[in-house]
Each structure stands twice: as C-alpha cells, then as structure tokens.
Amino acid sequence: MTKPPSWAVVTGAGSGIGAALAIELARRGCRPILVGRRAAALETTRRSLPDPRAAMCVPCDLGSAAARAQLIGRVSAAIANEGGELRYLVHNAGVGPPSPDLANMAAGDLEQALAVNVLAPLVLTQGWLPLLRAAGGPARILLIGAGIADRAQPGTGTYGISKKAQHRLFEQMLVDFAAETANTPQVAMFRPGVVDTEGLREHCRLARECGLPHVDYLDGALTNGEARSGETVARAMAKALLDAGENAFNGQILKTGDWHTQAHASDPESE
Ligand SMILES: NC(=O)c1ccc[n+]([C@@H]2O[C@H](COP(=O)([O-])OP(=O)(O)OC[C@H]3O[C@@H](n4cnc5c(N)ncnc54)[C@H](OP(=O)(O)O)[C@@H]3O)[C@@H](O)[C@H]2O)c1
C-alpha cells in the first residue's frame, strides 16, 4: 500500500531558512505548504522545488487574526481535498526590529513580534490540532528559537522579548501535551545559530543605524564565513524533523551542529 503524502507547513517560506527548509523537505518527500506575506516570494520558492505542483502557496499576514483564521481554513480544506496528512508544522516566520534604546522601542513593533513569533504559532497549532492528531504517525511541531531569548543585549528588546515568550510557549506546549495520552504531537525548538539570510542582513543594517554594539559580532560572522547558509541549517532541521527518534526530538532544543550532515565539509560547525 502506498503511504499517504505528508504535508509540511513552513511559515516564512518565501526567504531565508524557511525557503531552504521547504526545498529540503520536498527533496525528502514531503509536500510543502508555503506561508508568508509576499505571494511572489512564495512562488519563487515553489518554483525551486523538485515538483512545484506538489506544493501549495498560501499567502498570509500572520500578524492578523482574520488572516490566520483564513489560513487555517484554507489549508484544512485543501488537505481534505487533496488527501494526505498534516505531519509537520514549522513555525519559522519571525520578526523583531532593533531599536536605539528602550525609550525608542516602538510598542507597535513589539505587538507585531508577539503576534508573529508567539500568537501565530499558538493559534495555527490550535487550528490544525485535529489534523495533526489524525496523522498516521506522531505529528511534529518545530519552533524556530534564538539564543537572544537568554541574552539581553542593548536595543534587542522587541526580538528578544518575543523569542523569550516563544520559548515559554514551547514549554507550555510540552506540559500540556504531556498530560494527554493519545495522538499527541511532538514538539521541539530549533536554534540555528547565525545564518546568512535577508532577515539577518536587514537586522544588521537597522542595528548599525541604531549604533548597537552587537552588530560588530554579526558583521564579523557574515564577512568571515562563520555565518551558516540557509541550506546548511535546512539540512540539519530536516534531518532532526524527519529522522530523530522521539527522545531525540520531543522536548529538545536542537542545534544545527548536532544535526549537521557531513556532506558539506566547509560549513562552519560552531554554534
Ligand atoms: N538568521 C539568523 O541568524 C537567525 C538566528 C536565529 C533564529 N532565526 C530565526 O529563523 C527564522 C527565519 O529567519 P530568517 O533569518 O530566515 O529571516 P527572513 O529571511 O527574514 O525570514 C523570515 C520570514 O518570515 C516571514 N514573515 C515575516 N513577517 C510575517 C508575517 N507577518 N506573516 C507571515 N510571514 C511573515 C517573511 O516573509 P514575508 O516578509 O513575505 O512575510 C520571511 O520569509 C526566524 O524565526 C528567526 O527569528 C534566524
């Protein structure tokens, strides 16, 4: 009997880590569902897949409650129509611009970061829980975290506070799912390290404008090759998501170095 196709939702799939991950998951046999605001960027990712027709693009502003509700309905209906199971949910979309100091940290930026980095992962998980529970094997949820959650640095409040809250959401998912007995999804967090993406480069540009000290470290990582490529990180993420046993996945904070395939010896190894 042929296995039903495994769908994998990847948010923020129009660029950076999310785009690379969608491509890697498709190479490994999943059918990606690409989510992000820019329809053209999602299309570009879709055209890079081994079989673009096997994927779907669902443009959505994850900061909007109405758009999130529409996304949940559209994806649920599409899977019911196409067949297969929702097996993987990757909450990769992330925002949080720097500010020169606390006095100039925009409340609207924090609201947006909390909506995209924390509320959206909660609401999408809730919305698709029936599908995740119905998958033939345990479904897997992956949150993309960041080390900044544990290291307050000047000007990084918006990003750092939201990533810390996202970490607490991860812990909440774990304890609430642990109290269940059947058809429970497994949850992990992935901290990729420094990755050369358009998001990181834009963060560096803004942080430089704000005169923030941590930009020197990031600039250095981007110029001396210490920053990983999205593709390297995506290979590690896909390996953890698809190949890890339950104990190696559920409840773990996963790092690129631990799941790094040796295929690209020149890739930096440090976290
Ligand atoms: N790069 C790093 O060094 C690094 C390190 C640690 C963690 N991370 C995390 O990795 C994840 C991916 O980041 P990245 O570096 O690949 O940056 P990126 O290229 O900027 O990717 C972020 C993605 O999120 C999407 N997005 C932003 N706001 C959205 C919204 N309101 N609704 C829907 N989608 C939205 C963006 O697409 P649209 O603009 O089209 O919506 C974009 O494709 C983030 O969670 C980030 O915090 C990155």
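Just so you know, the residues in each chain are numbered from 1, in the order the chain's sequence is written. In view of the model being predicted, local features appear only for residues whose pLDDT reaches at least 70, and side-chain atom pairs are presented and counted only at 80 or more, with totals across whole chains, interfaces and linings using the full set of residues. Neither water nor hydrogens contribute to the side-chain values; these are computed over all heavy atoms in the structure.

## Considering the site of the ligand
Residues are classed as near a molecule or strand on a simple rule: at least one heavy atom within 4 Å of it. Around the ligand, the structure places 31 residues, and the nearest of them are S15, R38, N92, Y159 and T197. The term polar contact refers here to a pair of N or O atoms within 3.5 Å; inside protein, the definition further demands a hydrogen-donor-capable atom paired with an acceptor-capable atom, and it admits residues adjacent in sequence only when both atoms are side-chain atoms. At 2.7 Å from an oxygen atom of the ligand is found a side-chain nitrogen or oxygen belonging to S15. Within the side chain of T197, an N or O atom sits 2.6 Å from an oxygen atom of the ligand. Expressed as a share of its isolated accessible area of 870 Å², the protein-covered part of the ligand is 91%. Secondary-structure elements contributing two or more residues to the shell around the ligand are α1 (16-27), α4 (107-134), α5 (157-178) and α6 (198-209). Sorting elements by how many residues they give to the shell around the ligand places α6 first, with three residues. Classes in brief: Ala, Val, Leu, Ile, Met, Phe, Trp, Tyr, Cys and Pro nonpolar; Asp, Glu, Lys and Arg charged; the others, Gly included, polar. Tallied by class, residues from the shell around the ligand come to 13 nonpolar, 13 polar and five charged. We get accessible surface area from the Shrake-Rupley algorithm with a probe of 1.4 Å; when it comes to residues, only the shown protein chains can shield them. Secondary structure follows DSSP: runs of H or I at least 4 residues long count as helices, runs of E at least 2 residues long count as strands, and numbering of each begins at the N terminus.

## Some details on the packing of aromatic side chains
Ring pairs are drawn from Phe, Tyr and Trp, using the six-membered ring of Trp, whenever the two centres fall within 6.5 Å, and their geometry is named by plane angle: stacked under 30 degrees, edge-to-face over 60, tilted for the rest. Taken as a whole and judged by the stated rule, the model has zero aromatic pairs. The side chain of R140 reaches across the aromatic face of F249, ending 4.2 Å from its centre. Here, a charge over a ring means that NZ of Lys or CZ of Arg falls within 6 Å of the ring centre while also lying within 35 degrees of the ring normal.

## Focus: the confidence of the model for the protein chain
pLDDT is a residue-level measure of predictor confidence that goes from 0 to 100. With 95% of its residues at a pLDDT of 70 or more, the protein chain shows a mean pLDDT of 94. For this analysis, residues touch if any pair of their heavy atoms sits within 4.5 Å. Low pLDDT (under 50) marks residues 263-271, which in the prediction has 21 contacts with non-local residues, meaning those over four places away or in another chain.

## Section: helix α2 (residues 39-47)
Among the residues making up α2, those that are buried are A41, L42 and T45. Down the axis of α2, the buried set is contained in an arc of 100°. They therefore lie on one face. In α2, those exposed residues whose orientation departs by more than 90 degrees from the buried face are A40 and R47. Throughout this description, buried means an accessible area under 20% of the type-specific maximum (1.4 Å probe, protein chains only), exposed means over 50%, and partly exposed covers the range between. Here, the arc refers to the directions that run from the helix axis to the C-beta atoms.

## Looking at the environment of A41
Within the secondary structure, A41 is located in helix α2. Residues A41 and A19, spaced 22 residues apart in sequence, show a C-alpha to C-alpha distance of 9.0 Å.

## Looking at the environment of R28
When you line up the elements, R28 lands in the loop between α1 and β2 (31-36). Residues R28 and L71, spaced 43 residues apart in sequence, show a C-alpha to C-alpha distance of 25 Å.

## Some details on the sheet that holds β2
With parallel pairing, the seven strands of this open sheet are ordered in space as β3-β2-β1-β4-β5-β6-β9. The outermost strands of the open sheet, each flanked by one partner alone, are β3 (56-59) and β9 (253-255). Strand-to-strand twist in this sheet, taken as the mean axis angle between neighbours without regard to direction, amounts to 25°. Pairing analysis gives three bridges linking strand β6 (residues 186-191) to β9, with the strands arranged parallel. Looking at β9, one finds that F190 is bridged to L254. Here α1 sits on the sheet in contact with β1 (6-11), β2 and β4 (85-91), set at roughly 170° to β1. Relative to the sheet, helix α3 (residues 65-82) contacts β1, β2, β3 and β4, its axis offset from that of β3 by approximately 160°. Strand pairing requires that DSSP identify at least two bridges connecting the strands. All axes here are fitted lines through C-alpha atoms, helices being fitted over the stretch that makes contact, and every angle between N-to-C directions spans 0 to 180 degrees.

## Here's the deal with the packing of α4 against α5
Close contact between α4 and α5 brings their axes to 8 Å; oriented N to C, the two are set at 20°. Classified by the interaxial angle, the pair formed by α4 and α5 is roughly parallel. In this structure, α4 crosses over α5, and the sense of that crossing is right-handed. Contacts between α4 and α5 involve D109, L110, A113, L114, N117, V118, P121, L122, T125 and L129 from the former and T158, I161, S162, K163, A165, Q166, L169, M173 and F177 from the latter. Among the residues forming the contact of α4 with α5, the class breakdown is twelve nonpolar, five polar and two charged. For classification purposes, angles smaller than 35 degrees are called roughly parallel, those larger than 145 roughly antiparallel, those between 65 and 115 roughly perpendicular, and all remaining angles oblique. By definition, turning the near helix anticlockwise from the far helix through less than a right angle yields a left-handed crossing, and turning it clockwise yields a right-handed one.

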